[in-house]
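Letter by letter, the chains look like this.
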Amino acid sequence: MRTLNDNELKEIRGGFSAKALWIGIASFITFVIGAVDGYMRPLSCNK
């Protein structure tokens, strides 16, 4: 394993994924729609 110095550590770039951003937005929208649907139209568990 190689030890990096301060300059090398500053050069490390993190990745940003537009795909991950869209998945996060879609997940949030799906959650909000489900929460609103559950609040507006509660269904009982008939088991």
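Scroll up to find the structure.
Predicted model, so just to flag it, every value in this text is computed and none were measured.

Caption draft 1: A look at the overall build of the protein chain. Of the regular secondary structure elements, the protein chain holds 2 helices and 0 strands. Its C-alpha atoms put the protein chain at 60 × 25 × 15 Å along the principal axes. Counting across all 47 residues of the protein chain, residues that qualify as buried make up 0%. Carbon and sulfur atoms make up 64% of the accessible area of the protein chain, which totals about 5000 Å². The average position of the 6 basic charges and that of the 4 acidic charges among the side chains of the protein chain differ by 12 Å.

Caption draft 2: How the structure looks around a nonpolar patch on the surface. On the surface, Phe 16, Leu 21, Trp 22, Ile 25, Phe 28, Ile 29, Phe 31, Val 32, Ile 33, Val 36, Tyr 39 and Met 40 cluster together into a nonpolar patch covering about 1400 Å² of accessible area. Here Val 36 lies in helix α2 (residues 18-40). Judged by its relative accessible area of 46%, Val 36 is partly exposed.

Caption draft 3: Spotlight on the pattern of salt bridges. Applying the stated criterion across every chain, the model contains 2 salt bridges. A salt bridge links Glu 8 to Arg 2, with the shortest nitrogen-to-oxygen separation between them at 2.4 Å. The partner of Arg 41 in a salt bridge is Asp 37, with the nearest N and O atoms 3.2 Å apart.

Parameters and conventions
- Residues numbered from 1 in each chain as written.
- Predicted model: local features only at pLDDT ≥ 70, side-chain atom pairs only at ≥ 80, totals over all residues.
- Heavy atoms only, no water.
- Helix = DSSP H or I, 4+ residues; strand = E, 2+ residues; numbered from the N terminus.
- Buried < 20%, exposed > 50% of the residue type's maximum accessible area, 1.4 Å probe, protein only.
- Areas by Shrake-Rupley, 256 points an atom, 1.4 Å probe, with all protein chains shown as cover.
- Lys, Arg positive; Asp, Glu negative; His and termini not counted.
- Charge placed at Lys NZ, Arg CZ, Asp CG, Glu CD.
- Patch = residues over 30% accessible without salt bridge, like charges linked within 9 Å, V, L, I, M, F, W, Y side chains within 5 Å.
- Salt bridge = Lys/Arg side-chain N within 4 Å of Asp/Glu carboxyl O.

Nothing here speaks to function; it is all geometry.
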